[in-house]
Each structure stands twice: as structure tokens, then as C-alpha cells.
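Spelled out from the first residue to the last, the chains are:
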Protein chains: 2
Amino acid sequence: MIKVLVVDDDFMVARIHRGFVDRVDGFEVVGTANTGDQAVAALGELSPDLVLLDLYLPDIFGLDLIARLRAVQPDVDILVITAAREADAVRGAVRQGVVNYLLKPFGFEDLRARLREYARRRASVPDQVTSQADVDRVLAPARQLVNRLPKGLSQETADLVTAALRAAPDNLSAAECAEKVGISRVSARRYLEFFAAQGQAEVSLRYGTTGRPERRYTWRT
Amino acid sequence: MIKVLVVDDDFMVARIHRGFVDRVDGFEVVGTANTGDQAVAALGELSPDLVLLDLYLPDIFGLDLIARLRAVQPDVDILVITAAREADAVRGAVRQGVVNYLLKPFGFEDLRARLREYARRRASVPDQVTSQADVDRVLAPARQLVNRLPKGLSQETADLVTAALRAAPDNLSAAECAEKVGISRVSARRYLEFFAAQGQAEVSLRYGTTGRPERRYTWRT
DNA sequence: GTGGTTGAGTTCATTGTGGTCACAGGCGGA
DNA sequence: TCCGCCTGTGACCACAATGAACTCAACCAC
């Protein structure tokens, strides 16, 4: 369970956020705070893994609060949830290493997608990095979210491919998936690779046959 | 011109980095520092845009220095350049919002690519974000992910081989590793020799058996 | 020493998939 | 209708892994 502290000056909003977070599998809210001072105190007491932080607080600006939070608990992660649209706010948040920056207003699905991405990234950090490629993987994966597909991919085809992947008993190669869906191998591969890059699909190599090894894709539960 | 401060405890290394940075268009080194204290002082004096930071400094650990640097100049960006491969170091750096994390040793092209990406990202931040999509664009770094492996080797197989090596209680021969991973002896040896050449694996010879001596590989902690 | 045996290192042609490219067909706006 | 953009495709290399064949270094019997 990932422990979450919700910080928002508006009592009702904090309550809504709490409800949202509790509905996401693997997350639980351990406390809420309405001011910067309360947040610092709650952090010391509850030691959460993640703080949902609104930037507009009565006693301190959210970005300035982050340093104080980190002073108490250096390894705490921050997810900013705010209506602040100034470029400086976003830049400053990124510079402080927030895991995400979600604009109000937002729906439950928006928050869930961000939380899931955070959980996935959190779990996928290797114990030790060996190559620059490992490091890049840790740095990079704040990719485009599921909502928006990159140019060249359509939602309809994406749905077909995911359906085929889920229906497969174990895993599929690009060619097999292409045949099942009824599209070309090139297109199937494009979608499958995209899902793999997103972390929604897992890729494994099958060796043993002569020739280049085959990439086999599995849907991630 | 993006002003850069180079921080490295080794005078010669700092000089080399300085030379690298000065060769990249749009960047200029405004100073170098060899200790944490020097870095803080130089920051206050020179107000650079970016700090190239080694984590191993004589007076302070680099990650702890970042907070001190930010206290002097909150909007300074950090690019970590270090040999530190511990997961905690990478995680901690990401949590503090470093713009990149480059493993030593590296070549000029490696650094140039990272600096260019930084410059591009820096220039492309809009004055004001209007939608969540804008925010996501700022959060999501470029998908460069250049494969640092030489031709003939794939990332997936490399991961499998390293995993097998790490899981081994003491050490592995090429044939044993091949069987564990499920690839051929030839392929296993190719990867193992690559890791040995990189210094990530150590190789020892086992005599005593009839036949040619056996090369046994150990993962380097 | 010397030559034979042994098992691992090394080379290389083969192979079937991976990945890329320019184009086709379709849709929508001018 | 023409034009431009988007999505999917056939065709064409590039490529990673393979296994057979070869080379090599240590051991062993003489």
C-alpha cells in the first residue's frame, strides 16, 4: 500500500481528493492537511510515501513548502494538484522533482491514471543501475498518458490490438497479433511497441529458433 | 548563452568537462569548483543557469549539496555527472528534479546530446500553460533513449544476462549462463565479454579440468 | 619433452524476424 | 474538385541469434 497525505486549503476539496485516492487500488490516504504547518506536522507523524499538494495554501506557497517537507522526510514524493497555470509554477515544480502536475479541475480517471503511472514507475526502479540505458529508463517514463495517442495511431485500431492481446492465453508475436486482428504486421508492431513503451504491455524475447529472436508481447494486468 | 558551472573534485576532470561544454554551441562555462563550499560561493557570484555536478565531493555528498545550491539560487538547474550507480543515488537525484543523470565515463557526444536536449526543452516552455496537455509536454522529456550497446547486442537480452549473472551465487561460465537464460553459448559469451570489457563484470579463469581453461564471470557490486 | 585428448574460445554463413520507407487509400476542408 | 493530412501497407534491407566448424590452451600418458 502506498500511503498518501492530501494537502489542500479547502476542506471539502481535500475530502473529495481523499475519496478519489482511496478508490484507486494500492493507495490509501493516511491523513489530510489544510495548511503548510499542518502538512509538515502530519508528514513527521505519518511518514507517507506521497503527498498530493495544492500550491495555494493560506500560510505558504506550495513550491516553497516542498523544501520544508523534504527537510523532514527527504524521500517523500510530491504530486502537485492545483489550478496554477503560470509557467513559473510548472517549471519550479519540475525543478523540484515532482512526480506529476495535475491541473484542476480534473476527474477521477485523470487522477487514477497519474497515480497508476506513479505506482508503476515506483515499482520498476532497479536495485542498481548498470548502464546509462537503465538511468534513462528511470528518468524518461513520464510519457504521454493513455488518453492521447501519438500521431499515426488511431483509437479504434488501438482498441482492437489491446482486445487481441488480452484475449491471448499467454503472449503474442507481432505477426500473430496482426493475423488475429486483421491488420498488417507493420501496424500491429507499431501499436504493440507503443503499448510496451507505455508499460501497458510487457515484451519478452523468444530464442531457440534460428534467425533473429522473436519479440512476444503480454498484456499487463 | 547558457551559463554553466562545473563542479568536480578532480581538477583535471573538471577541466575536461569544461572543454566539452565549451565545444557545445550555446553553452559557456563561467566557472569551476572542486568542493561543495566552492560551488555554493561560485553560484552566488556567477549565477549560472546550469550546474554540472559530480556527486562525490570531499566535503559533502552531491545530493545534499543540491538543497544548499537551491537555497542560494532557487531556479538553478542541475545535471548530475557521476560514477554513482546506486539506485538510491539515481532516485534521489530524480526526486530533486535534476535535468539529467549521466554516468561516467562518457564521451563528448554523450554530453552534447544531453546538453542539447536540455537547451531545447528550456526554450520550449510556454509562457503560460492552458491545458493539461501543455503540462504533460513539459513533464515528458524527449524520448531519445539511444541504445548505448554496440551493434549486434540487444537491450532485452542484455537485461536477461545481467539478471542471470546477479542471481548467480558466485560466478557463471558462458555455457551455464546460456542455459539459465535460454540462449546459445555463443550469444551468452558475447554479452558476458561485453560486460567484462565495460568493467561491469569481472572474469576469472578456472583451471584443473581437462581442456581449455574456463572463463568465469562475476557481477561487480 | 612430445604428441594426443579434451573441452572451451572463436569465427562465420545462415536465417527468419525486426525495422524502415515511400506510397496508397480515405477523409475533411478550402 | 483539388489539396493536405492522416493511417495503414507491401516491399525491402538490416539485424540479432544460431550451430557447425575451427582454433586454442591446458592436461595427461608415454
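Note that the coordinates shown come from a computational prediction; the quantities given were computed from them, not determined experimentally.

Chemist: Explain the packing of aromatic side chains to me, please; I cannot follow it from the model alone.
Modeler: The way to describe two aromatic rings as a pair is by their centre distance and the angle between their planes. Evaluated as defined, the whole model comprises 8 aromatic pairs over all chains. Each ring, one from Phe195 of chain B and one from Trp219 of chain B, has its centre 6.1 Å from the other, and the planes form 80 degrees; the classification is edge-to-face. Here Trp219 of chain B lies in strand E8 (residues 214–219) and Phe195 of chain B lies in helix H9 (residues 185–198), a separation of 24 residues in the sequence. Side by side, Phe195 of chain B and Trp219 of chain B carry an identical accessibility label, which is buried. An aromatic cluster of three or more residues is present, and its members are Phe20, Phe106 and Phe108 of chain A.

Chemist: Which parts of the structure should I look at to understand the environment of His17 of chain A?
Modeler: Residues and elements named next belong to chain A. Its location among the elements puts His17 in helix H1 (residues 11–22). In sequence terms His17 and Leu111 are 94 residues apart; their C-alpha atoms lie 9.0 Å from each other. Sequence-distant contacts of His17, defined by excluding residues within four places in its chain, comprise Val6, Asp8, Ile81, Lys104 and Phe106.

Chemist: I'm lost on the protein's contact with DNA strand D in this one. Help?
Modeler: Taken together, 34 residues are adjacent to DNA strand D, and Gly152, Thr157 and Tyr191 of chain A together with Thr157 and Tyr191 of chain B come closest. The sugar-phosphate portion of DNA strand D accounts for 74% of its atoms within 4 Å of the protein, the bases making up the rest. In this structure, a base oxygen belonging to DNA strand D sits 3.5 Å away from a side-chain N or O atom of Arg190 of chain A. At 3.3 Å, a side-chain N or O of Arg212 of chain B approaches a base oxygen of DNA strand D. Elements with a contribution of two residues or more to the surface near DNA strand D: helix H9 (185–198) of chain A together with H9 of chain B. Grouping the constituent residues of the surface near DNA strand D by class yields 12 nonpolar, 16 polar and 6 charged.

Criteria and cut-off values
Residues numbered from 1 in each chain as written. Chains lettered and ligands numbered in written order. Predicted model: local features only at pLDDT ≥ 70, side-chain atom pairs only at ≥ 80, totals over all residues. Heavy atoms only, no water. Phe/Tyr/Trp six-rings, centres within 6.5 Å; stacked < 30°, edge-to-face > 60°. Helix = DSSP H or I, 4+ residues; strand = E, 2+ residues; numbered from the N terminus. Buried < 20%, exposed > 50% of the residue type's maximum accessible area, 1.4 Å probe, protein only. Contact = heavy atoms within 4.5 Å. Near = heavy atom within 4 Å. Polar contact = N/O pair within 3.5 Å; in protein donor to acceptor, adjacent residues only side chain to side chain. Nonpolar A, V, L, I, M, F, W, Y, C, P; charged D, E, K, R; others polar.

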